[in-house]
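Architecture and fold: a report
Okay, here's what each chain looks like letter by letter:
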Amino acid sequence: QKEVEQNSGPLSVPEGAIASLNCTYSDRGSQSFFWYRQYSGKSPELIMSIYSNGDKEDGRFTAQLNKASQYVSLLIRDSQPSDSATYLCAVNRGSGNTGKLIFGQGTTLQVKP
Amino acid sequence: ETGVTQTPRHLVMGMTNKKSLKCEQHLGHNAMYWYKQSAKKPLELMFVYSLEERVENNSVPSRFSPECPNSSHLFLHLHTLQPEDSALYLCASSPNAAFNYGYTFGSGTRLTVV
């Protein structure tokens, strides 16, 4: 079992729709969860972080965390063509001086005008 | 200059060459990381440095040798690489390695081994 699993996609949505990206993780001790956006040929960019169960909203983005189900998701409302990118889910593993982020394979999102 | 800067942006090297990748962060962070990103694969953690001390070596072959002279600079020394080492090498930094606030990534070095 992979530590962090994402559907590689592509996920295709029409402009203006809600895009839903999902991620599961295996380490029950994980405390920090992140979503990164990576445009083709570019480096990952942090867009959301979430640390406690429930929803966290930031503009058009909502991160959702359910630690009991080991599940984290990202909703993008009013999707725009500029949102077309690969979205990486990252989960903190370890503690103390050796905490580190483990990444999923990423989900490619295509927003069609 | 702000953020995390990596040089060079692109590198082509032969299998017998020795080269180094450089990373510099201007964020006052105490932890720095090297990741490898290959096509169709997740980001792979290679090394973690916290306050210039290596705290993680993720079973990386010895042909990759990291160096962290201070908390702002990180190097990855390369020698006798293989074609399968061709990838995007990403440097990242974070305020500390103990509690993760998320990383800031550099633009990466696209490495091609011929």
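The shown structure was predicted, so the numbers you read here are calculated from the model rather than taken from an experiment.

Looking at the confidence of the model for chain B
Per-chain confidence: chain B averages 91 in pLDDT, with 96% of residues scoring 70 or above. Within chain B, no element has a lower average pLDDT than strand 6 (residues 53-57) of chain B, which sits at 78, and none a higher one than strand 3 (residues 18-25) of chain B, at 97.

Re the environment of His79(B)
Residues and elements named next belong to chain B. Within the secondary structure layout, His79 lies in strand 8 (residues 73-79). For His79 and Ser65, which are 14 residues apart along the polypeptide, the C-alpha to C-alpha distance reads 8.5 Å. Apart from residues lying up to four places away in sequence, His79 is in contact with Asn17, Lys18, Ser62 and Arg63.

Topic: the sheet that holds strand 8 of chain B
Residues and elements named next belong to chain B. As summarised here, the arrangement of the four strands in space is 1-3-8-7, forming an open sheet in which the pairing is antiparallel. Each edge of the sheet is formed by a strand with only one pairing partner; in this case those strands are strand 1 (4-7) and strand 7 (64-70). Across the sheet, the axes of successive neighbouring strands diverge by a mean angle of 15 degrees, strand direction being ignored. The pairing of strand 1 with strand 3 spans four bridges and is antiparallel. Residue pairing across strands places Thr5 opposite Glu24, the latter belonging to strand 3.

As for the environment of Asn58(B)
Residue and element names in this part refer to chain B. Inspection of the secondary structure puts Asn58 in the loop between strand 6 and strand 7. Using a relative accessible area of 33% as the deciding quantity, one classes Asn58 as partly exposed. For the pair Asn58 and Phe75, spaced 17 residues apart in sequence, the C-alpha to C-alpha distance is 16 Å. Those residues within four positions of Asn58 in sequence are excluded, and the remaining contacts are Leu45 and Met46.

Some thoughts on the pattern of salt bridges
Residue and element names in this part refer to chain A. What the rule picks out here adds up to five salt bridges over all chains. Of the charged contacts in the structure, one is a salt bridge between Glu45 and Arg37, with a shortest N-O distance of 3.1 Å. For Glu45, a relative accessible area of 36% gives the class partly exposed. Linking Asp83 and Arg60 is a salt bridge whose minimum nitrogen-to-oxygen distance equals 2.9 Å. Linking Asp83 in the loop between strand 8 (71-76) and strand 9 (85-93) with Arg60 in the loop between strand 6 (54-58) and strand 7 (61-66), this pair joins segments that are 23 residues apart in sequence. A relative accessible area of 28% places Arg60 in the partly exposed class.

Points about the side chain of Ser49(A)
Within the secondary structure layout, Ser49(A) lies in strand 5 (residues 45-50). For Ser49(A), a relative accessible area of 13% translates into the label buried.

What to know about the state of the cysteines
If you walk through the whole model with that rule in mind, you get two disulfides over all chains. Here Cys23(A) is linked by a disulfide to Cys89(A), with a sulfur-sulfur distance of 2.1 Å. Between Cys23(A) and Cys89(A), the disulfide has an S-S torsion of -75 degrees and is therefore left-handed. Note that Cys23(A) is positioned in strand 3 (residues 19-25) and Cys89(A) in strand 9, a separation of 66 residues in sequence. Each member of the pair Cys23(A) and Cys89(A) is classed as buried. Residue pairing for Cys23(B): its cysteine sulfur links by disulfide to Cys91(B), the two sulfurs lying 1.9 Å apart. Negative torsions about the S-S bond denote left-handed disulfides, and the value of about -75 degrees found for Cys23(B) with Cys91(B) makes this one left-handed. Here Cys23(B), found in strand 3, pairs with Cys91(B), found in strand 9 (residues 87-94); they are 68 residues apart in sequence, far enough to count as distant.

So, the packing of aromatic side chains
Across all of its chains, the model carries 11 aromatic pairs over all chains by this definition. Taken together, a centroid distance of 5.9 Å and an interplanar angle of 65 degrees make the contact between Phe103(A) and Phe105(B) edge-to-face. Linking Phe103(A) in strand 10 (residues 100-103) with Phe105(B) in strand 10 (residues 104-105), this pair reaches from one chain into another. Summarising the burial analysis for this pair, Phe103(A) and Phe105(B) share the class buried. Joined through ring pairs, the aromatic side chains of Tyr36(A), Phe103(A), Tyr33(B), Tyr35(B), Tyr103(B) and Phe105(B) make up one cluster.

Rules used throughout
- Residues numbered from 1 in each chain as written.
- Chains lettered and ligands numbered in written order.
- Predicted model: local features only at pLDDT ≥ 70, side-chain atom pairs only at ≥ 80, totals over all residues.
- Heavy atoms only, no water.
- pLDDT = per-residue confidence, 0-100.
- Helix = DSSP H or I, 4+ residues; strand = E, 2+ residues; numbered from the N terminus.
- Contact = heavy atoms within 4.5 Å.
- Pairing = 2+ DSSP bridges.
- Axes fitted to C-alpha atoms, helices over the stretch in contact; angles between N-to-C directions.
- Buried < 20%, exposed > 50% of the residue type's maximum accessible area, 1.4 Å probe, protein only.
- Salt bridge = Lys/Arg side-chain N within 4 Å of Asp/Glu carboxyl O.
- Disulfide = S-S within 2.5 Å.
- Phe/Tyr/Trp six-rings, centres within 6.5 Å; stacked < 30°, edge-to-face > 60°.

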